[in-house]
Amino acid sequence: MLAVALVGSVVVDNLLTAPVIAFLVAGVATLARFDIRLPEALYPILSSYLLLAIGVKGGRALGLSDPAELWQPLVAALVLGVVTPIIAFVLYRRVGRAGTIDAAALAAHYGSVSAVTFTVVLATLDARGQSYEGYLSGLLAVLEVVGIVVALALVRTGHGGHGDGSEARWNEALLEVVRGRSITLLLAGLAIGLIVGDERLEAVDPVFVGLFSGALTLFLVEMGVVAAERLRDAREAGWRIALLGIVVPLVNGTLGAVAGSLAGLSPGGTAVLATLAASASYIAAPAAVRIALPTASPGLYVTASLGITFPFNVIVGIPLYLVIAEALT
Amino acid sequence: MLAVALVGSVVVDNLLTAPVIAFLVAGVATLARFDIRLPEALYPILSSYLLLAIGVKGGRALGLSDPAELWQPLVAALVLGVVTPIIAFVLYRRVGRAGTIDAAALAAHYGSVSAVTFTVVLATLDARGQSYEGYLSGLLAVLEVVGIVVALALVRTGHGGHGDGSEARWNEALLEVVRGRSITLLLAGLAIGLIVGDERLEAVDPVFVGLFSGALTLFLVEMGVVAAERLRDAREAGWRIALLGIVVPLVNGTLGAVAGSLAGLSPGGTAVLATLAASASYIAAPAAVRIALPTASPGLYVTASLGITFPFNVIVGIPLYLVIAEALT
Amino acid sequence: MLAVALVGSVVVDNLLTAPVIAFLVAGVATLARFDIRLPEALYPILSSYLLLAIGVKGGRALGLSDPAELWQPLVAALVLGVVTPIIAFVLYRRVGRAGTIDAAALAAHYGSVSAVTFTVVLATLDARGQSYEGYLSGLLAVLEVVGIVVALALVRTGHGGHGDGSEARWNEALLEVVRGRSITLLLAGLAIGLIVGDERLEAVDPVFVGLFSGALTLFLVEMGVVAAERLRDAREAGWRIALLGIVVPLVNGTLGAVAGSLAGLSPGGTAVLATLAASASYIAAPAAVRIALPTASPGLYVTASLGITFPFNVIVGIPLYLVIAEALT
Amino acid sequence: MTTAQRQLLTVIAESLLEQRLIDDVKRLGAKGYSVGHVRGEGATGRAALDFAGPSVRLESVVTDEVAERIFELLRTDYFPHYAVVAWVAPVRVARPDRF
Amino acid sequence: MTTAQRQLLTVIAESLLEQRLIDDVKRLGAKGYSVGHVRGEGATGRAALDFAGPSVRLESVVTDEVAERIFELLRTDYFPHYAVVAWVAPVRVARPDRF
Amino acid sequence: MTTAQRQLLTVIAESLLEQRLIDDVKRLGAKGYSVGHVRGEGATGRAALDFAGPSVRLESVVTDEVAERIFELLRTDYFPHYAVVAWVAPVRVARPDRF
Ligand SMILES: Nc1ncnc2c1ncn2[C@@H]1O[C@H](COP(=O)(O)O)[C@@H](O)[C@H]1O
Ligand SMILES: Nc1ncnc2c1ncn2[C@@H]1O[C@H](COP(=O)(O)O)[C@@H](O)[C@H]1O
Ligand SMILES: Nc1ncnc2c1ncn2[C@@H]1O[C@H](COP(=O)(O)O)[C@@H](O)[C@H]1O
Ligand code: NA
Ligand code: NA
Ligand code: NA
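A short tour of the structure in this document, coming up. (Residues numbered from 1 in each chain as written. Chains lettered and ligands numbered in written order. Predicted model: local features only at pLDDT ≥ 70, side-chain atom pairs only at ≥ 80, totals over all residues. Heavy atoms only, no water.)

**Considering the overall build of chain D**
- Of regular secondary structure, chain D possesses 3 helices and 4 strands.
- Listing each helix as α and each strand as β along chain D from the N terminus yields β-α-β-α-β-α-β.
- Over its C-alpha trace chain D gives a radius of gyration of 14 Å, about what one expects of a compact globule, namely 13 Å for 99 residues.
- Summarising its shape, the C-alpha atoms of chain D cover approximately 45 × 25 × 20 Å along the three principal directions.
- For chain D, buried positions account for 58% of its 99 residues.
- Restricting to contacts in chain D with at least 6 residues of sequence separation, those with at least 24 account for 77%.
- Put simply, chain D shows about 3,800 Å² of open surface, and 51% of that area lies on carbon and sulfur atoms.
- Taken together, the 13 basic and 13 acidic charged side chains of chain D have centroids lying 6 Å from each other. (Helix = DSSP H or I, 4+ residues; strand = E, 2+ residues; numbered from the N terminus. Rg over C-alpha atoms; globule rule 2.2 N^0.38 Å. Buried < 20%, exposed > 50% of the residue type's maximum accessible area, 1.4 Å probe, protein only. Contact = heavy atoms within 4.5 Å. Areas by Shrake-Rupley, 256 points an atom, 1.4 Å probe, with all protein chains shown as cover. Lys, Arg positive; Asp, Glu negative; His and termini not counted. Charge placed at Lys NZ, Arg CZ, Asp CG, Glu CD.)

**Here we look at the coordination of the sodium ion (ligand 4)**
Residues and elements named next belong to chain A.
- Looking at the sodium ion (ligand 4), the protein donor atoms are Tyr 110 (O), Ser 112 (O), Leu 276 (O), Ala 277 (O) and Ser 279 (O), and they sit 2.4 to 3.0 Å from it.
- All donor residues of the sodium ion (ligand 4) come from one chain, and their arrangement in sequence is Y-x1-S-x163-L-A-x1-S. The exposure classification of Leu 276 matches that of Ala 277, with both residues buried. (Donors = N, O, S within 2.8 Å, 3.2 Å for Na, K, Ca; no water.)

**Some points on the coordination of the sodium ion (ligand 6)**
Residues and elements named next belong to chain C.
- The protein atoms that coordinate the sodium ion (ligand 6) are Tyr 110 (O), Ser 112 (O), Leu 276 (O), Ala 277 (O) and Ser 279 (O), at distances of 2.4 to 3.0 Å.
- Sequence spacing among the residues donating to the sodium ion (ligand 6) works out to Y-x1-S-x163-L-A-x1-S. Of this pair, Ser 112 sits in the loop between α5 (100–111) and α6 (115–128) while Leu 276 sits in helix α13 (residues 267–278), and the two are 164 residues apart along the sequence. Take Ser 112 and Leu 276: they sit in the same class, and that class is buried.

**Regarding the relation of the copies chain B and chain A**
- The transformation that overlays chain B on chain A combines an axial shift of 0.0 Å with a rotation of 120°, and the residual RMSD is 0.0 Å. The symmetry that links the two subunits is that of a three-fold axis. Taking C-alpha positions as the reference, the residue of chain B nearest the rotation axis is Ala 41 of chain B, at 3.8 Å. (Least-squares fit on C-alpha atoms with pLDDT ≥ 70 in both.)

**Some words on the interface of chain D and chain E**
- Each partner contributes residues to the interface: chain D has 20 residues there, and chain E has 22 residues.
- Summing the contributions of chain D and of chain E, the shared interface buries around 1,700 Å²; its carbon and sulfur component is 51%.
- When the buried surface of chain D facing chain E is broken down by residue, Glu 41, Arg 75 and Trp 87 of chain D rank first, second and third, together holding 31% of it.
- For the interface between chain D and chain E, the tally reads 2 salt bridges.
- Where Lys 26 of chain E meets Glu 41 of chain D, a salt bridge forms, and the shortest distance between an N and an O atom there is 2.9 Å.
- Of all the elements in the fold, those that place two or more residues in the side of chain D that touches chain E are β2 (33–41), α3 (64–78) and β4 (84–93) of chain D.
- Broken down by element, the residue count for the side of chain D that touches chain E peaks at 6 residues, all from β4 of chain D.
- In terms of residue class, the side of chain D that touches chain E is built from 11 nonpolar, 3 polar and 6 charged. (Buried area = accessible area lost by both parts, 1.4 Å probe. Salt bridge = Lys/Arg side-chain N within 4 Å of Asp/Glu carboxyl O. Nonpolar A, V, L, I, M, F, W, Y, C, P; charged D, E, K, R; others polar.)

**Some points on the relation of the copies chain D and chain E**
- Each copy of the sequence occupies a distinct position, and chain D is placed on chain E by a rotation of 120° and an axial shift of 0.0 Å, giving an RMSD of 0.0 Å.
- An asymmetric contact is evident, with only 5% of the interface residues of chain D recurring at the interface of chain E.

**Describing the interface of chain B and chain A**
- Contact with chain B, which involves 23 residues of that partner, is made by 26 residues of chain A.
- Looking only at chain B, the three residues that lose the most surface to chain A are Arg 179, Arg 181 and Arg 200 of chain B, adding up to 27% of its buried area.
- Counting every contact that joins chain B to chain A gives 1 salt bridge.
- Between Asp 35 of chain A and Arg 181 of chain B there is a salt bridge, and its shortest N-O distance comes to 3.4 Å.

**A look at the side chain of Asp 24 of chain D**
- Tracing the backbone through its elements, the reader meets Asp 24 of chain D in helix α1 (residues 18–27).
- Discounting chain neighbours no more than four positions away, the residues touching Asp 24 of chain D are Leu 73 and Tyr 78 of chain D.

**Section: the pairing of β2 of chain D**
- Counting buried positions over the 9 residues of β2 of chain D gives 7, a clear majority of the element.
- Judged from the 3 bridges that link them, β2 of chain D and strand β2 (residues 33–41) of chain F form a sheet pairing that is antiparallel. Across the sheet, residue Val 35 of chain D finds its bridge partner in β2 of chain F, namely Arg 39 of chain F.
- Bridging between β2 of chain D and strand β3 (residues 55–62) of chain D involves 5 bridges; their strand directions are antiparallel. Paired with His 37 of chain D across the two strands is Val 56 of chain D, which belongs to β3 of chain D. (Pairing = 2+ DSSP bridges.)

**Side note on the arrangement of the chains**
- As for chain D relative to chain A, no contact occurs, and the smallest C-alpha gap between them is 11 Å.
- For chain C and chain D, which are not in contact, the least C-alpha distance works out to 15 Å.

**Structural notes on empty space enclosed by the protein**
- Summed over all chains, the structure comprises 11 cavities of 30 Å³ or more.
- The space that makes up the largest cavity amounts to roughly 720 Å³.
- Breaking the lining of the largest cavity down by element, the ones donating at least two residues are α3 (42–64) and α11 (212–237) of chain A, α3 (42–64) and α11 (212–237) of chain B together with α3 (42–64) and α11 (212–237) of chain C.
- At 6 residues, the largest contribution of residues to the lining of the largest cavity is made by α3 of chain A. (1 Å grid on protein atoms, 1.4 Å probe; cavity = no way out; pocket = protein on both sides within 12 Å on 5 of 7 lines; lining within 4 Å. Points joined across faces, edges and corners; volume = space filled by probe spheres on them.)

**So, the site of ligand 2**
- Close contacts around ligand 2 come from 18 residues, with Ala 43 and Thr 44 of chain E together with Ser 34, Val 61 and Arg 98 of chain F the closest.
- At ligand 2, the nearby residues belong to more than one chain, namely chains E and F.
- Within the backbone of Gly 32 of chain F, one N or O atom sits 3.5 Å away from a nitrogen atom of ligand 2.
- Protein chains bury 98% of the 480 Å² of accessible surface belonging to ligand 2 in isolation. (Near = heavy atom within 4 Å. Polar contact = N/O pair within 3.5 Å; in protein donor to acceptor, adjacent residues only side chain to side chain.)

**Some points on the packing of aromatic side chains**
Residues and elements named next belong to chain B.
- One pass over the structure, following the stated rule, counts 15 aromatic pairs over all chains.
- Ring geometry for Phe 23 and Phe 310: centres 5.3 Å apart, planes at 75°, overall edge-to-face. Residue Phe 23 is found in helix α2 (residues 18–31), and its partner Phe 310 is found in helix α15 (residues 298–328); the two are separated by 287 residues along the sequence. The same class applies to Phe 23 and to Phe 310, which are both buried.
- Consider the rings of Tyr 92 and Tyr 110, whose centres lie 5.5 Å apart with planes at 35°: the pair is tilted. Placement of Tyr 92 in helix α4 (residues 71–95) and of Tyr 110 in helix α5 (residues 100–111) is noted, with a sequence separation of 18 residues between them. (Phe/Tyr/Trp six-rings, centres within 6.5 Å; stacked < 30°, edge-to-face > 60°.)

**Quick notes on the site of ligand 3**
- Around ligand 3, a shell composed of 18 residues is seen, among which Ser 34, Val 61 and Arg 98 of chain D together with Ala 43 and Thr 44 of chain F lie nearest.
- Bordering ligand 3 are residues originating from chains D and F.
- Note that a nitrogen atom of ligand 3 is positioned 2.9 Å from one of the backbone N or O atoms of Val 61 of chain D.
- With the chains in place, 98% of the 480 Å² that ligand 3 exposes on its own is no longer accessible.
- Breaking the shell around ligand 3 down by element, the ones donating at least two residues are β2 and β3 of chain D together with β2 and β4 (84–93) of chain F.
- Ranked by residues supplied to the shell around ligand 3, first place goes to β3 of chain D with 3 residues.
- A breakdown of the residues in the shell around ligand 3 according to their chemical character gives 9 nonpolar, 6 polar and 3 charged.

Structure, rendered in structure tokens:
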């Protein structure tokens with residue numbers, strides 16, 4: 001009884017936030033062939049802003065945290081960074097019947113994380129008035145990189161040393177991830193938040209805190225459009241891929257919740273880590289994979305991560321991870 | 001005496017708001033050949049934001065309204081949507097000596113509405129602390145479409161069935177209006193506002209409420225530039241067209257005030273409906289007309305709606321409609 | 001002892017504001033070849049916003065000021081507008097061994113001002129809770145123009161009447177400065193602030209006041225990237241030019257502080273005037289110089305103003321001028 | 001290098017026509033196209049077009065016949081009504097089957 | 001299809017010159033032009049230009065004489081002072097009177 | 001007007017390749033280039049590329065040999081793996097030493 005009530009309240013709290021509703025409205029409008037795109041110039045601006053703002057929030061929280069409480073969650077994140085891409089690889093290879101290259105490409109996406117999904121779970125927790133460890137956006141940066149590296153390593157081990165230029169491409173892809181905009185903005189935000197410190201950040205709160213939910217809402221309008229367009233293509237990808245777009249985040253999300261509770265995170269923090277583990281990258285990973293594995297099919301990995309897993313997590317997954325986290329902690 | 005004092009206070013309250021002053025300053029600067037344009041990328045962003053924000057505001061108010069009080073204003077809006085383009089058509093055809101096609105094109109603009117003019121009247125009412133029915137932005141969406149459809153129907157009835165492809169273009173134009181960005185964003189905002197609801201919208205208030213007046217102010221800088229440029233071209237359009245750019249909104253605005261008071265709207269709401277009726281579209285209508293009536297002269301309709309009617313309404317019309325509304329209710 | 005403590009506190013207060021830290025983080029990231037650029041479309045938007053917002057703030061303060069207190073600071077600004085470019089010209093010509101044209105080009109930059117440096121000193125004073133005369137942004141507009149005109153006059157006097165089209169270019173350059181976007185936006189903001197007035201501006205405070213520090217922080221990310229890139233080129237410019245990039249602002253800043261205290265400005269206001277005098281333009285001046293003196297080397301003047309003087313002022317100069325101002329008033 | 005000759009067709013059209021032009025170009029046999037945005041002036045004058053945003057600049061490398069077909073459509077359906085300008089020029093490409 | 005030959009003139013110039021270039025091109029007889037924006041590098045180096053925003057890329061389809069005249073002006077008034085690059089190529093157009 | 005003939009090479013490539021393409025073009029001897037952005041469709045389909053932002057459109061006026069060299073590299077290193085399209089056409093320039 002109580003569990004059902006909890007699930008119900010969590011689902012409602014998540015579904016009825018402005019960002020999620022904006023996502024759904026935009027998605028439905030797109031499927032009905034209405035033109036709801038916001039101006040093209042807005043999205044890179046919003047996504048950069050969100051990354052910086054997440055970083056600043058995390059850096060600020062880091063400055064207020066006891067360093068001793070950080071290492072356990074960090075280990076948990078590293079373990080997830082190694083395990084989740086391997087799970088994704090095996091599932092897509094065996095169950096999804098994808099080729100090695102495509103499975104590795106998909107593994108890179110599921111091993112890495114989606115900053116927007118992360119932001120949605122924070123907004124949901126905020127809407128519920130539930131607290132979480134602020135420094136988790138530091139783990140976002142870690143997870144974003146590690147998962148991709150592990151996935152690319154999978155395929156490199158398999159195909160290593162062909163002297164076909166793949167090594168050069170591998171290094172290039174790594175640099176692309178580590179020095180790319182999304183990681184750099186996140187890290188820059190962390191540094192700014194940490195150095196400037198809680199008190200002096202108040203002058204920029206109207207931008208970095210006040211605008212956050214609204215900016216996320218606008219951004220999810222675009223995500224709704226893009227996800228709906230990808231969903232249309234999902235048929236081509238086949239039902240096995242589509243199904244795994246739901247199964248993989250469920251498995252990884254559950255693992256994330258377990259890891260979070262073992263690492264001593266609060267229920268909110270555990271839900272955040274679960275969401276991170278469950279989420280699939282659709283910015284950093286596609287860029288790295290396009291360079292390192294140019295023969296992998298973008299139609300496959302973009303459809304899976306953006307067309308299936310992203311909406312699944314935003315609508316169904318997040319409330320679920322919240323309930324699982326609640327149960328485990 | 002009292003009437004004069006009222007008019008004076010309304011004029012001042014309208015004129016001295018930041019958006020209207022920004023409009024005037026930008027217009028004057030442009031006429032004096034100063035370069036005051038804000039970056040091009042900003043305007044589509046601002047206009048999308050304003051439409052979404054108007055929608056959210058309206059949807060939120062709709063959620064708090066009694067459905068029973070909605071149908072009278074809705075009928076009033078529909079009547080205005082039919083009557084105002086016909087008035088514009090007749091006046092431009094007879095008094096303005098425009099050809100049938102051009103008159104229909106102009107009718108589409110005056111039958112439809114200007115979301116920015118709507119926004120300015122809201123800002124003026126807010127500045128006066130005067131209340132109005134929040135759901136009126138729902139009527140904005142209705143009026144935006146109906147007026148265009150009626151105007152295009154005017155010319156179609158006249159020229160119907162030529163088999164010259166004009167039917168296909170007519171359908172295309174209709175789709176352009178109904179599925180176009182401005183209506184879609186407005187409706188999406190309404191849906192978001194209605195579904196998320198008053199309380200949960202607070203998280204996005206800093207963006208959708210807080211930034212509203214400032215964003216409108218920035219947007220009116222561009223409108224000032226554009227209107228001033230159109231005003232320069234007004235000579236070519238001839239004095240009859242120019243004069244009607246003032247007469248038509250006065251007639252339609254008065255009708256709107258009458259309709260509003262009959263529908264039982266508050267003085268503020270009546271002024272808003274009057275402003276809607278008086279305003280001329282310069283986004284949705286030009287796009288639809290360009291497709292449906294490619295032989296109509298854009299120089300004519302853009303100059304009339306943007307170069308004459310828009311500044312007239314913003315500076316002189318709105319205070320007038322407020323006073324008329326005050327008198328009628 | 002007390003002086004040291006004061007210097008220390010000022011340095012910390014300046015350094016640890018979010019904008020300055022953002023500048024440093026972005027600069028370091030760029031030198032380490034990380035890609036931290038925010039989207040290209042964002043910068044013109046931010047810089048226009050900052051200019052308008054500075055203007056509105058200044059106009060608002062102007063409306064609250066006693067006109068009698070304005071003329072002394074105005075005279076001080078005019079004197080600085082004449083003296084500082086001459087000093088820069090002589091130093092770059094003699095000590096820097098630049099040619100006449102290049103020295104005049106540099107003089108135009110150091111005679112004019114940097115609105116962003118101005119904004120940083122305001123943010124620092126705000127962070128310290130120290131007050132300053134709000135109307136100083138009016139002087140920013142004056143100084144921006146006068147310094148460039150004087151510098152271009154220097155070279156025109158020297159080369160006058162060659163009939164080589166340089167006169168036409170000179171006029172064009174002047175118009176470019178006076179009617180250009182940066183001055184126009186600043187003046188438009190002043191007009192809006194003055195006309196709308198303190199009370200009615202409250203509706204737009206969330207945008208023009210609330211977002212200010214955050215917008216400046218985002219803008220300084222770009223400045224950090226650009227300055228770091230210019231710094232890399234500084235070698236080519238030679239050590240004399242590099243050294244003068246520090247000496248000239250020190251001399252001009254000290255003069256500015258003296259002028260400010262003689263004009264009866266508050267300690268905060270004196271520091272602002274000193275910063276203005278010390279700052280080098282990198283928007284208005286390069287544009288004017290490129291037109292009027294096309295043979296001057298952009299590599300030289302952009303490197304000096306943006307690569308050396310801008311970071312120097314932001315990091316070291318501003319706290320110094322604050323201390324000097326404190327000592328003089 | 002083995003190359004083949006194709007025609008590079010460039011069309012500049014008022015912004016509203018973007019989707020329609022793309023659909024037509026594809027329907028008439030172009031295997032690819034690229035669109036960017038420009039502002040300009042021509043017979044129609046700037047004012048008439050500016051309100052709707054920048055014009056579309058479409059370029060498509062096509063065979064001679066496809067170029068011919070698209071030009072024919074422009075002549076009948078676009079030139080009489082809209083602000084559209086177009087030109088063709090021969091270019092050399094690798095992988096001729098891709099165009 | 002009856003077409004005529006014209007010259008497509010492309011000019012890339014530092015951003016400050018945009019309005020001046022447009023004015024000159026129109027004055028020398030071009031009946032239309034389109035401008036977009038690009039970034040690039042050439043003899044001047046990137047640094048010198050970047051601060052003022054992206055370069056302007058102007059293209060104009062003109063008659064041979066107009067092309068000649070504009071090129072002449074570029075040579076005297078633009079090339080010596082500014083970062084400007086230009087080229088011409090023959091293209092085929094319909095409605096030759098429009099160019 | 002004394003002009004010389006050069007080749008105008010136009011390359012359209014998915015956005016990720018921007019820096020790499022620029023580096024290669026410069027390395028192979030181009031003395032300048034300009035890049036803008038476009039969206040389009042081709043063999044790869046729109047979906048695969050859109051997520052990463054608009055494609056890069058690079059143009060570079062070069063000598064015949066440099067054009068040849070760049071095309072060769074495109075054939076070996078780009079065409080097999082990435083969504084890239086390219087074409088060349090002769091153009092006339094002033095100041096031939098600049099290209
Ligand atoms: N001669 C030309 N060269 C290049 N672009 C042109 C030319 N004429 C017109 N255009 C472009 O085509 C658009 C429509 O031209 P028009 O139909 O002549 O008004 C203009 O806004 C320009 O962008
Ligand atoms: N060979 C070239 N091909 C294409 N664009 C060029 C070329 N050379 C220069 N440009 C463009 O013209 C601008 C100015 O060139 P420059 O005057 O050589 O510095 C550069 O920034 C490039 O955008
Ligand atoms: N025939 C063509 N004409 C012009 N642009 C093309 C053509 N084919 C492809 N493109 C452009 O090149 C990109 C990659 O093409 P593709 O490699 O065929 O997928 C497309 O997104 C288009 O922007
Ligand atoms: Na993951
Ligand atoms: Na109307
Ligand atoms: Na100065």
